[in-house]
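Per-entry structural report
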Amino acid sequence: GPNPGGGGAKPGGKPGGKPGGKGDAQSEKKHKETIIDLSKHMDKPIRVKFAGGRECSGILKGYDPLLNLVLDATTEYLRDPEDSSKLTGETRQIGLTLCRGPAVMLICPADTLEPIANPFVPQD
Amino acid sequence: AMASSGPQNPSQIMPLELVDKCIGSKIHIKMKGDKELVGTLLGFDPYVNMVLEDVVVYEISSQGKKVTRLEQILLNGNNIALMIPGGEGPDN
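Residues numbered from 1 in each chain as written. Chains lettered and ligands numbered in written order. Predicted model: local features only at pLDDT ≥ 70, side-chain atom pairs only at ≥ 80, totals over all residues. Heavy atoms only, no water.

For clarity, the cut-off: UniProt positions are given in the numbering used here, feature names are shortened, and annotations may be inferred rather than shown by experiment.
Looking at an unreviewed UniProt entry, one finds chain B named U6 snRNA-associated Sm-like protein LSm5 and attributed to Macrostomum lignano. What UniProt records for chain B under Sequence similarities (unreviewed entry) is the sentence "Belongs to the snRNP Sm proteins family." Quoted straight from UniProt, the Subcellular location (unreviewed entry) entry for chain B says "Nucleus".

If you look chain A up in an unreviewed UniProt entry, it shows as Sm domain-containing protein from Macrostomum lignano. For chain A, the Subcellular location (unreviewed entry) comment in UniProt is given as "Nucleus". Per UniProt, the comment on chain A under Sequence similarities (unreviewed entry) is "Belongs to the snRNP Sm proteins family."

As structure tokens, then:
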């Protein structure tokens, strides 16, 4: 069937994987294994980066196999209007949100992200 | 009917159920780019394309926010990044 940019043809279905793969009866075992196990992050703060540059963090309250996420106490990290790759350091609290799986680019625990000195600048 | 999606923790909030609960209420949608919309959610489909009414569209740029209003729209779900049920918009 048609394969939209986002993911499988229906929520909970196979993610546009091998055509003509195992039949439905056998697909339970290989059904939708994401390479990240989000159950380990339930009720913990995570950082999410989106395609297009948006970033937020929040407490993971729910997810589905297509990587749609429910975050509570969500903080949005605002970007510089002149340079959208730069964070201003300002944040906004936006409460309970849903992050769309097709737009999610990165998920990590909220406390494992830290700024470092630019490693690409030649050190004199 | 909800498709099976493997082991489920019964005390978690399923994302699409959250959207479903929002039908009839205001929702604030942030697109992947710098566009945001606030409107009343009339419905959505499995791809999370959305039908919204009384929509205010905010286009955010270094020059400020450009605001337009639309009575009823079908929003293509391809570019949706973030959704805030009950949200009132970028000015709140």
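Structure's up, so let's keep going.
With respect to the confidence of the model for chain A
Let me state the cut-off plainly: pLDDT expresses, on a scale from 0 to 100, how confident the predictor is about each individual residue. Secondary structure elements are defined from DSSP: runs of H or I of at least 4 residues count as helices, runs of E of at least 2 residues count as strands, and each element is numbered from the N terminus.
Residues at a pLDDT of 70 or more form 73% of chain A, whose mean pLDDT is 81. The lowest-confidence element of chain A is strand β4 (residues 87–99) of chain A, averaging 91 in pLDDT; the highest-confidence one is strand β1 (residues 45–50) of chain A, averaging 97.

What about the sheet that holds strand β2 (residues 55–63) of chain A?
The following threshold applies: Pairing between two strands is assigned when DSSP locates at least 2 bridges connecting them. All axes are obtained by fitting lines to C-alpha atoms, using only the stretch in contact for helices, and the reported angles, taken between N-to-C directions, cover 0 to 180 degrees.
Spatial strand order, β5(A)-β1(A)-β2(A)-β3(A)-β4(A)-β5(B)-β1(B)-β2(B)-β3(B)-β4(B): 10 strands in an open sheet with antiparallel pairing. Two strands lie at the open edges of the sheet, namely β5 (104–109) of chain A together with β4 (64–75) of chain B, each paired on one side alone. Neighbour-to-neighbour, the strand axes of this sheet turn through a mean angle of 30°, independent of strand direction. Of the pairings in the sheet, the one linking strand β1 (residues 26–31) of chain B to strand β2 (residues 35–44) of chain B comprises five bridges and is antiparallel in character. By the bridge assignment for β2(B), B:Ile29 is matched with B:Leu37.

Some points on the UniProt feature "domain: Sm" (unreviewed entry) in chain A
UniProt's feature table lists "domain: Sm" (unreviewed entry) at residues 33–113 of chain A, given in the numbering used throughout. In this annotation, residues 33–113 of chain A is assigned 0% helix and 56% strand; the end-to-end C-alpha distance for the span is 25 Å.

Regarding the pairing of β1(A)
Residues and elements named next belong to chain A. Across five bridges, the pairing between β1 and β2 is antiparallel. Note that in β2 the partner of Arg47 across the bridge is Ser57. Inspection of the sheet shows β1 paired to β5 by five bridges, in the antiparallel sense. Residue Phe50 lies in a different strand from β5, and its bridge partner there is Val104.

Overview of the UniProt feature "domain: Sm" (unreviewed entry) in chain B
Under the UniProt annotation, the feature "domain: Sm" (unreviewed entry) is placed at residues 14–89 of chain B. The distance from the first to the last C-alpha atom of residues 14–89 of chain B is 24 Å, and the span holds 9% helix and 61% strand.

Let's talk about unusual backbone geometry
Excluding glycine, most residues fall at negative phi; most peptide bonds, likewise, are trans. Residue and element names in this part refer to chain A. Keep this limit in mind: Relative accessible area decides the class of each residue, using a 1.4 Å probe on protein chains only: under 20% of the type maximum gives buried, over 50% gives exposed, and in between gives partly exposed.
A positive phi is found at Asp43, a non-glycine position, where the angle reads about 65°. Within the secondary structure, Asp43 is located in the segment before β1. Its identity is not glycine, yet Ala73 carries a phi of approximately 50°, on the positive side. Tracing the backbone through its elements, the reader meets Ala73 in strand β3 (residues 69–79). Of the residues examined, Ala73 reaches a relative accessible area of 44% and is grouped as partly exposed.

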